[in-house]
Amino acid sequence: MMVYDLTKFLEDHPGGDEVLLSATGKDATDDFEDVGHSDSARDMMNQYYVGEIDVSTIPKKTAYKPPKQPHYNQDKTSEFIIKLLQFLVPLAILGLAVGIRIYTKSS
C-alpha cells in the first residue's frame, strides 16, 4: 500500500482540501479511482509519494472500547439536596448575622 503526503497540494486540489482531508489515514484507493482522475493527475502523484506500508503490520480488526463515563444518576435527588443546601446555608448564615446585629444594637 502506497503512502502519499499531499499537504502541499491541499490548496491546489481542484476538488477542495476537504476531499483530501477526509481520506487521511486510510486506504483512499477507491476514493481516488471513483472520481476518475486524469493521466496527468496520476503522474502528479509521483512527487507526493512517501513510501509503502507493510500491510502485515495493520491490525485486522480494532476492538471498540467505549470511554468510561460516570454512573448516570437518574434519580438526581442527592444533587438537588446539595444544590438546595448550597443556596440555603449561606442564606441562613446571613439571616443569623443580621438577627444578631439587630439584637445587639437594641441592647
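These numbers were taken from a predicted model, which means no experiment stands behind them. (Residues numbered from 1 in each chain as written. Predicted model: local features only at pLDDT ≥ 70, side-chain atom pairs only at ≥ 80, totals over all residues. Heavy atoms only, no water.)

**Points about the overall build of the chain**
Alright, step 1. A tally of helices and strands in the chain yields four helices and two strands.
Alright, step 2. Shown N-terminal to C-terminal, the secondary structure of the chain runs as helices and strands in the order β-α-α-α-β-α.
Alright, step 3. Relative to the globule expectation of 13 Å for 107 residues, the C-alpha radius of gyration of the chain, 33 Å, shows a markedly less compact shape.
Alright, step 4. Expressed as lengths along the three principal axes of its C-alpha atoms, the size of the chain is roughly 100 × 35 × 25 Å.
Alright, step 5. Split into buried and exposed, the 107 residues of the chain put 7% on the buried side.
Alright, step 6. Excluding contacts between residues fewer than 6 apart, the proportion of contacts in the chain whose partners are at least 24 apart in sequence is 67%.
Alright, step 7. Between the averaged position of the 11 positive side-chain charges in the chain and that of its 16 negative side-chain charges there is a distance of 24 Å. (Helix = DSSP H or I, 4+ residues; strand = E, 2+ residues; numbered from the N terminus. Rg over C-alpha atoms; globule rule 2.2 N^0.38 Å. Buried < 20%, exposed > 50% of the residue type's maximum accessible area, 1.4 Å probe, protein only. Contact = heavy atoms within 4.5 Å. Lys, Arg positive; Asp, Glu negative; His and termini not counted. Charge placed at Lys NZ, Arg CZ, Asp CG, Glu CD.)

**Considerations on the UniProt feature "domain: Cytochrome b5 heme-binding" (unreviewed entry) in the chain**
Alright, step 1. This chain's UniProt record puts "domain: Cytochrome b5 heme-binding" (unreviewed entry) on residues 1-54.
Alright, step 2. Here residues 1-54 runs as 35% helix and 13% strand, with 7 Å between its end C-alpha atoms. (UniProt positions renumbered as here; feature names shortened; annotations may be inferred.)

**Details of the pattern of salt bridges**
Alright, step 1. With the rule as written, the count across this model stands at two salt bridges.
Alright, step 2. For Glu-33, the salt bridge is made with Arg-42, and the minimal N-O distance between the two is 3.0 Å. (Salt bridge = Lys/Arg side-chain N within 4 Å of Asp/Glu carboxyl O.)

**Observations regarding the layout of surface pockets**
Regions of empty space are outlined by a rolling probe, equal in size to a water molecule, passed over the atoms.
Alright, step 1. One number sums up the size of the largest pocket: a volume of about 1,100 Å³.
Alright, step 2. Lining the largest pocket are 35 residues, with Tyr-4, Leu-6, Ala-23, Ala-28 and Met-45 positioned closest to its centre.
Alright, step 3. Those elements giving two or more residues to the lining of the largest pocket turn out to be strand S1 (2-4), helix H1 (17-22), helix H2 (29-35) and helix H3 (39-44).
Alright, step 4. Ranked by residues supplied to the lining of the largest pocket, first place goes to H2 with five residues.
Alright, step 5. Grouping the constituent residues of the lining of the largest pocket by class yields 21 nonpolar, eight polar and six charged. (1 Å grid on protein atoms, 1.4 Å probe; cavity = no way out; pocket = protein on both sides within 12 Å on 5 of 7 lines; lining within 4 Å. Points joined across faces, edges and corners; volume = space filled by probe spheres on them. Nonpolar A, V, L, I, M, F, W, Y, C, P; charged D, E, K, R; others polar.)

**A word on the domain arrangement of the chain**
Interface size is commonly expressed as the accessible area that is lost once the parts come together.
Alright, step 1. By domain assignment, the chain separates into domain 1 (2-57) and domain 2 (73-106).
Alright, step 2. The C-alpha-based centres of domain 1 and domain 2 are spaced at 64 Å. (Domains from an automatic or database assignment.)

**A word on the environment of Asp-54**
Alright, step 1. In this structure, Asp-54 sits in the loop between strand S2 (49-52) and helix H4 (77-106).
Alright, step 2. Sequence separation between Asp-54 and Met-1 is 53 residues; the distance between their C-alpha atoms is 7.3 Å.
Alright, step 3. Within the structure, the side chain of Asp-54 is placed 2.8 Å from the side chain of Ser-56, a separation counted as a polar contact. (Polar contact = N/O pair within 3.5 Å; in protein donor to acceptor, adjacent residues only side chain to side chain.)

**Some thoughts on the UniProt feature "transmembrane region" (unreviewed entry) in the chain**
Alright, step 1. Those residues carrying the UniProt feature "transmembrane region" (unreviewed entry) are residues 80-103 in this numbering.
Alright, step 2. Here residues 80-103 is 100% helix and 0% strand, with 34 Å between the C-alpha atoms at its ends.

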